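In case you want the letters, here they are:
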Amino acid sequence: MRSIAACLLFVSTATLAAPAKLTPQWEATTREIYKTAVEMPTVAGRNQLPALANYLAEKLKGAGWAAADVHVLPYTSAPGNDTAALVARWPATGKTKAKPILILAHMDVVEALASDWDSDPFKLVEKDGYFYGRGSWDDKQGVVASMVALMKLRAAGFKPNRDIVLLYTGDEETMGKGASLGANDWRKWTDAEFALNADDGDGAVTSSGSSLGFALQTSEKTFQTYYFRVRNKGGHSSKPRPDNAIYQLADALKKLELHRFSPTLTETTRAYFTERAKQERDSALGRAMRTWLANPADAPAADAIEANELEVGKTRTRCVATMLKGGHADNALPQLAEATVNCRIMPGVAPKLVETELKQLVGSNVEIVADAAGGRPTPASPLRRDVIDAYTHAVHAIHPGVQIIPTMSTGATDGLEFRAIGIPVYGVNGAWGISPDDERAHGRDERLPVQALWDNVAHWEAMIRELAGK
Ligand SMILES: [Zn+2]
């Protein structure tokens, strides 16, 4: 999943000044691989992932990768969804002490119906400066740009000073099992000092061409659902009891509505709000941001920030009631009332701590059970100077002077599985689009500016030169 709205509001006067130029041959290679990838309907249940993984594997072998370094790894994501991942290693030239760099992207896409689209979603259409097709943005451009960048570097005789490993997964949009296998079962291939994720990052511009900045994603909130349950003996509705499961649950939910977790600043959100405060200047929002940055315990200041629609969930853990059920007959007292409460927990905070706080809040009459499919806490990745510099330099080579904004996602990508095992992950893709017109990932008529694909190849090439060169 991904969003280019991450850096909304960061309007600067910088414009797209130096679009990347690929040679006709590399442009043709990029277009051919991209077209083939988009035209394979790699949707859960359609069993197209092994074919795409094999196709990309053959391209890499043709470009100089040893067969022993390229692995197509079939796996079952869920019943009826047999998929595959691709792992490929470009070994360092000579001896090296540096641990590998891992590059992440995903090959699967969300379903799309031809009847909903202006054109067939599984045909790559080039029109008015755009590529249209399912996955044209999310995330086949990330797969193709990162892979072609490595092929291009290899052809140019680049000698990496550390191994560069690609992991392209096959079920990011559904179960995310490829990332979990990648971080655990396939660790012998994927172990790395840090990972660069082509499924996040990116830049946005306004329709008039002003830059809205480029995001550098370092962290994701943890997803955890809890069930609030109240049980009661029940009885005939003609004889109401003083205790009633629905009223007790309603009281607990009212407490939840009013409850605020303590605000917390992380390294990333401090950098984010520092940039935002500059943009907001002397507005009430800007003042609240400065007040909170000066004193992160200032809950009213954090409340004032979260009152702004774009900043919801960025100062603290948030929990909200999302579903409700209770009772079994209109003439019976309820024996069970249950609410579903979904929490988005700050990076690195154990869901158990949130559960304890919720239990203290609602008291012992309400049973709280954590959903077993809950997310693992994933720490925010540290703002590494080398990664920030490489990303900034690569972005600025094409978009001089635009802002780089560290971001914490409220959603999830494959990156969280690697953060969970201690490998920092950075969303540093180099595509861009017009906000909000081009924000169509998962939606109809998904598209990518044609120039953004060429730019993204140059972007990955520049980052790898800096991070794995001399
Ligand atoms: Zn994605």
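These figures come from a predicted structure and were not determined experimentally.

A few points about the pattern of salt bridges
Alright, step 1. Counting across every chain of the model gives 34 salt bridges.
Alright, step 2. Connected via shared salt-bridge partners are Arg 162, Glu 193, Arg 384 and Asp 386.

Topic: helix H9 (residues 299-306)
Alright, step 1. Taken residue by residue, H9 has Ala 301, Ala 302, Ile 305 and Glu 306 as its buried positions. When H9 is viewed along its axis, its buried side chains cluster within an angular range of 135° and face the same direction.
Alright, step 2. Lining the buried residues of H9 we find helix H7 (267-280), helix H8 (284-294) and strand S11 (318-326).
Alright, step 3. Between the side-chain oxygen of the N-cap and the backbone nitrogen of Ala 301 there are 3.1 Å, and the N-cap of H9 in question is Asp 298.

Overview of the pairing of strand S9 (residues 222-231)
Alright, step 1. The buried fraction of S9 amounts to eight of the 10 residues, a majority that puts the element mostly inside the structure.
Alright, step 2. Judged from the 10 bridges that link them, S9 and strand S13 (residues 336-345) form a sheet pairing that is antiparallel. The residue bridging Gln 224 from the neighbouring strand is Cys 343, located in S13.

Description of helix H3 (residues 140-155)
Alright, step 1. Helix length check: H3 (16 residues) gives 22 Å between terminal C-alpha atoms against 22 Å at 1.5 Å per residue, within 8%.
Alright, step 2. For H3, the tally of buried residues reaches 14 of 16 residues, placing the bulk of the element in the interior.
Alright, step 3. Following H3 by one or two positions, Gly 157 adopts a phi angle in the positive range, close to 85°.

Focus on the sheet that holds strand S5 (residues 130-132)
Alright, step 1. Strand order in the open sheet formed by three strands is S4-S5-S17, and the pairing between neighbours is antiparallel. Both edges of this open sheet fall to strand S4 (125-127) and strand S17 (447-449), since each of them pairs with a single strand only. For this sheet, the mean inter-axis angle between neighbouring strands, taken without regard to orientation, is 25°.
Alright, step 2. Relative to S17, S5 runs antiparallel, the two being bridged by three bridges. Residue pairing across strands places Phe 131 opposite Leu 448, the latter belonging to S17.
Alright, step 3. Sitting on the sheet, helix H13 (residues 450-468) is in contact with S4, S5 and S17, with an inclination near 70° to S17.

Some words on the sheet that holds S13
Alright, step 1. An order of S11-S13-S9-S14 is seen for the four strands of this open sheet, with the pairing classed as antiparallel. This sheet does not close on itself; its edge strands, each paired only once, are S11 and strand S14 (367-370). Neighbour-to-neighbour, the strand axes of the sheet open up by a mean angle of 25°, direction not taken into account.
Alright, step 2. The pairing of S11 with S13 spans eight bridges and is classified as antiparallel. For Val 320, the partnering residue across the bridge sits in S13 and is Asn 342.
Alright, step 3. Across the sheet, helix H6 (residues 245-258) lies against S9, S11 and S13, angled at about 15° from S13, the strand it touches most.
Alright, step 4. Each of S9, S11, S13 and S14 is contacted by helix H10 (residues 351-362), which is oriented at about 30° to S9, the strand it contacts most.

A closer look at the state of the cysteines
Alright, step 1. All told, the structure shown has one disulfide when counted by the stated rule.
Alright, step 2. Two residues, Cys 319 and Cys 343, share a disulfide whose sulfurs are 2.1 Å apart. When the S-S torsion is 110°, as for the bridge of Cys 319 with Cys 343, the disulfide is right-handed. With Cys 319 in strand S11 and Cys 343 in strand S13, this pair connects stretches of sequence that are 24 residues apart. The residues Cys 319 and Cys 343 share a single accessibility class, namely buried.

As for the packing of aromatic side chains
A ring pair, where both rings are aromatic, is described by two values, the distance of the centres and the angle of the planes.
Alright, step 1. For the structure on display, the rule yields nine aromatic pairs.
Alright, step 2. Ring centres of Tyr 272 and Phe 273 lie 5.0 Å apart, and the angle between their planes is 85°; this geometry places the pair in the edge-to-face category.
Alright, step 3. A cation sits over an aromatic face here: Arg 447 above Tyr 130, 3.7 Å from the ring centre.

The rules we used
- Residues numbered from 1 in each chain as written.
- Predicted model: local features only at pLDDT ≥ 70, side-chain atom pairs only at ≥ 80, totals over all residues.
- Heavy atoms only, no water.
- Salt bridge = Lys/Arg side-chain N within 4 Å of Asp/Glu carboxyl O.
- Buried < 20%, exposed > 50% of the residue type's maximum accessible area, 1.4 Å probe, protein only.
- Helix = DSSP H or I, 4+ residues; strand = E, 2+ residues; numbered from the N terminus.
- Arc of directions from axis to C-beta.
- Contact = heavy atoms within 4.5 Å.
- Polar contact = N/O pair within 3.5 Å; in protein donor to acceptor, adjacent residues only side chain to side chain.
- Pairing = 2+ DSSP bridges.
- Expected span 1.5 Å × (residues − 1).
- Axes fitted to C-alpha atoms, helices over the stretch in contact; angles between N-to-C directions.
- Disulfide = S-S within 2.5 Å.
- Phe/Tyr/Trp six-rings, centres within 6.5 Å; stacked < 30°, edge-to-face > 60°.
- Lys NZ or Arg CZ within 6 Å of the ring centre and 35° of its normal.

In short, the description is geometric, and any link to function would need to be established separately.
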